[in-house]
2 protein chains.
Amino acid sequence: MTTPNDTALVAELNSALPQLIPVVSRMGLQIVAAQRGKVTTMAPFTGNGNHLGGMYAGVLFTVSEFLGGLIATTSFDTQLYYPVAKDFRITFRAPATSDVWASAELTEPELDRIATEAQSRGKADYTLASAITDVNGTVVASTEGLFQLRAHRR
Amino acid sequence: MTTPNDTALVAELNSALPQLIPVVSRMGLQIVAAQRGKVTTMAPFTGNGNHLGGMYAGVLFTVSEFLGGLIATTSFDTQLYYPVAKDFRITFRAPATSDVWASAELTEPELDRIATEAQSRGKADYTLASAITDVNGTVVASTEGLFQLRAHRR
């Protein structure tokens, strides 16, 4: 799912993750694609299961919620802005019994709207939907997150 | 927040957690109260922060989502039934910069409804709301989860 363009960024972000958010790193989360407007993550099943034989819900939450910050990093100027999560909903559709992947996209017009609004108002909300799929392509959960891009205080 | 009645059960559950859901145990989650219809959990700040100085969203999710299974364990016959999460929504209200606590309750009439419905239909949905508070009592997030109590297959 990576392209030649984002290989270096993906490696850099994966390398920084243990320092940035250690608890996410301890889940084994991997950034798979990190392009402007398009991001993908993976969480391994190993180490993340529960007593019923499925992946723990909090790992499914994480593999998707993480996209909201990641897409801000790949799409906006992180020297000027940082992302926060405001609201997140996850609907569980099937037990996850393998590694899982989550992807999300923002269109160019939406990226432009967010950047323009953040520049003029100091903040801009954005909604990110994702499907979490297992190794067979089955959708194990779907999510909708509300995030906000905020200007750093000067 | 514990009572003399649930002390032994709390100790037993905390002791079993590393085997039941290792990823939750690695977050340092502690069961604080485990009574019929009333449960409380705590997640420590240490080890669970992000690069912005707050607790990672996935830990806030976990400290609350965990209550849905926990209250089933303390309120129903786990030889007959097990709980699953169907849907979960979390609204982030303030950065969490300390240990956090989450509590949830089900009334006796609601516990009776769930038990009766699970017995007759083999499953019963229940909704659990919680507030996540920091060490100062500030609500850092509020949640609503939809869970289902299911009969084990025979």
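Residues numbered from 1 in each chain as written. Chains lettered and ligands numbered in written order. Predicted model: local features only at pLDDT ≥ 70, side-chain atom pairs only at ≥ 80, totals over all residues. Heavy atoms only, no water.

Q: Looking at this structure, how should I read the pairing of strand β6 (residues 139-151) of chain B?
A: Taken residue by residue, a regular strand's side chains alternate between the two faces of the sheet. Residues and elements named next belong to chain B. Pairing of strand β3 (residues 81-92) with β6 involves 11 bridges; the strand directions are antiparallel. Paired with tyrosine 81 across the two strands is alanine 151, which belongs to β6. By the bridge criterion, 11 bridges tie strand β5 (residues 123-133) to β6 in an arrangement that is antiparallel. Within β6, the position partnered with threonine 127 by the bridge is leucine 146. Here β5 folds back onto β6 in antiparallel fashion, the turn holding 5 residues, of which glycine 137 has a positive phi close to 90°. (Pairing = 2+ DSSP bridges. Helix = DSSP H or I, 4+ residues; strand = E, 2+ residues; numbered from the N terminus.)

Q: Got a minute to help me understand the relation of the copies chain B and chain A in this structure?
A: Applying a rotation about an axis and a shift along it to one chain copy brings it onto the other copy. Rotating chain B by 180° and translating it 0.0 Å along the rotation axis places it on chain A, where the RMSD comes to 0.0 Å. In symmetry terms, the pair is related by a two-fold rotation axis. It is arginine 89 of chain B whose C-alpha, among those of chain B, lies nearest the rotation axis, at 2.1 Å. (Least-squares fit on C-alpha atoms with pLDDT ≥ 70 in both.)

Q: How do you make sense of the sheet that holds strand β6 (residues 139-151) of chain A when you look at a structure like this?
A: Note: strands within a sheet are paired through backbone hydrogen bonds, in either parallel or antiparallel orientation. If you walk across this open sheet you meet the 12 strands as β1(A)-β2(A)-β4(A)-β5(A)-β6(A)-β3(A)-β3(B)-β6(B)-β5(B)-β4(B)-β2(B)-β1(B), and the pairing is antiparallel. Every interior strand has two partners, whereas the edge strands, β1 (30-35) of chain A together with β1 (30-35) of chain B, have only one. Neighbour-to-neighbour, the strand axes of the sheet open up by a mean angle of 20°, direction not taken into account. Those strands touched by helix α3 (residues 57-75) of chain A are β1, β2 (38-43), β3 (81-92), β4 (100-105), β5 (123-133) and β6 of chain A together with β3 of chain B, and its axis lies near 150° from that of β2 of chain A. (Axes fitted to C-alpha atoms, helices over the stretch in contact; angles between N-to-C directions. Contact = heavy atoms within 4.5 Å.)

Q: Looking at this structure, how should I read the confidence of the model for chain A?
A: One rule of thumb: low pLDDT means the predicted coordinates there are not for detailed reading. Mean pLDDT over chain A stands at 95; residues scoring 70 or higher make up 96%. Predicted as a complex, the structure gets a pTM of 0.96 and an ipTM equal to 0.95. (pLDDT = per-residue confidence, 0-100.)

Q: Honestly, the interface of chain B and chain A in this entry has me stumped. Any pointers?
A: Quoted interface sizes are often the accessible area lost when the parts come together. With 31 residues of chain B at the contact, the number on the chain A side is 31 residues. Approximately 2500 Å² of surface area, both sides summed, lies buried where chain B meets chain A, with 61% of it carried by carbon and sulfur atoms. In this structure, the connection of chain B to chain A is made through 2 salt bridges. Counting across the interface, chain B meets chain A through 14 residue pairs in polar contact (both at pLDDT 80 or more). Within the residue set of the side of chain B that touches chain A, elements represented by two or more residues are α2 (22-26), α3 (57-75) and β3 of chain B. Ranked by residues supplied to the side of chain B that touches chain A, first place goes to β3 of chain B with 10 residues. Looking at chain direction, β3 of chain A and β3 of chain B are connected through 5 bridges and run antiparallel. Bridge pairing in β3 of chain B places aspartate 87 of chain A opposite threonine 91 of chain B. (Buried area = accessible area lost by both parts, 1.4 Å probe. Salt bridge = Lys/Arg side-chain N within 4 Å of Asp/Glu carboxyl O. Polar contact = N/O pair within 3.5 Å; in protein donor to acceptor, adjacent residues only side chain to side chain.)

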